[in-house]
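Descriptive analysis of the structure
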Amino acid sequence: MAPQLAALLPVEDVLQSLALPDKRLTLHRIFFDLYAPSFPAQARIPVAVALCGGAGHFGLCVRLLDMAGREVARDEDRFTASAVHVHLLTLRGTLNAPGEYRLEASLEGVVVASLPLIVASSALPAQDETDGLAS
């Protein structure tokens, strides 16, 4: 029996408890949008995947797809199912343009979640392009 996906969360940072035997994770700043001052831009996206239930060993894959559906980044691993399992993967890739990307999770090759990740420009407008405020 395959585990069920409980959450797919892109996060800014993750801390793992090393002092305690349970190795719990602390997720910092969940987001669904990214900003870059220029393109192409390099991205590093930690993704927490929470799964529950199941029995056996499974393959997990998380991909970032661009607006045309092309793979921009991928990370994958294998795990043993348990009552609750949180797995951390890190996507590294190049974002060529702003737009709506897709974050996709697959379990044993079957897509179990797909959600949008908005990538926008964070460039500040030139002074003469502001809304009429004088300097």
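Let us look at the structure shown here.

Procedures and definitions
- Residues numbered from 1 in each chain as written.
- Predicted model: local features only at pLDDT ≥ 70, side-chain atom pairs only at ≥ 80, totals over all residues.
- Heavy atoms only, no water.
- Helix = DSSP H or I, 4+ residues; strand = E, 2+ residues; numbered from the N terminus.
- Buried < 20%, exposed > 50% of the residue type's maximum accessible area, 1.4 Å probe, protein only.
- Salt bridge = Lys/Arg side-chain N within 4 Å of Asp/Glu carboxyl O.
- Pairing = 2+ DSSP bridges.
- Core = buried A, V, L, I, M, F, W, Y, C linked by side-chain atoms within 4.5 Å.
- Contact = heavy atoms within 4.5 Å.

1. Details of unusual backbone geometry
A cis amide bond, omega 0°, links phenylalanine 39 with the succeeding residue proline 40. The residue proline 40 is located in the loop between strand E3 (33–36) and strand E4 (41–65) in this model. Its identity is not glycine, yet glutamate 108 carries a phi of approximately 55°, on the positive side. Its location among the elements puts glutamate 108 in the loop between strand E6 (99–107) and strand E7 (110–121). Exposure remark for glutamate 108: the relative accessible area of 44% places this residue in the partly exposed category.

2. Thoughts on the pattern of salt bridges
Evaluation of the coordinates by the stated rule reveals eight salt bridges. Note that glutamate 104 and arginine 63 form a salt bridge whose closest N and O atoms lie 2.9 Å from each other. Here glutamate 104 is found in strand E6, whereas its partner arginine 63 is found in strand E4, with 41 residues between them in sequence. In this structure, the salt-bridge partner of glutamate 71 is arginine 74, at a minimum N-O distance of 2.9 Å. Of the residues examined, glutamate 71 reaches a relative accessible area of 39% and is grouped as partly exposed. For arginine 74, a relative accessible area of 38% puts it in the partly exposed group. Linked through salt bridges whose partners overlap, the residues forming this network are Arg63, Glu71, Arg74, Glu76 and Glu104.

3. Comments concerning the pairing of strand E1 (residues 4–16)
Pairing of E1 with E4, which is carried by six bridges, proceeds in the antiparallel orientation. Residue pairing in the sheet places proline 10 in a bridge with valine 47 of E4. The sheet contact formed by E1 and strand E2 (residues 25–30) spans five bridges and is antiparallel. Its bridge partner lying in E2, valine 11 is registered against isoleucine 30.

4. Quick look at the nonpolar core
One finds Leu8, Ile45, Val47, Val62, Leu64, Leu91 and Leu103 to be the most contacted residues of the largest nonpolar core, which totals 26 residues. Put simply, the parts of the chain that give this core at least two residues each are E4, strand E5 (71–95), E6 and E7. The dominant element in this core, judged by the number of residues it contributes, is E4, at nine residues. The residues contacting leucine 103, other than those within four sequence positions of it, are Leu8, Pro10, Val47, Val62, Arg63, Leu64, Leu91, Ala113, Ser114 and Leu115.

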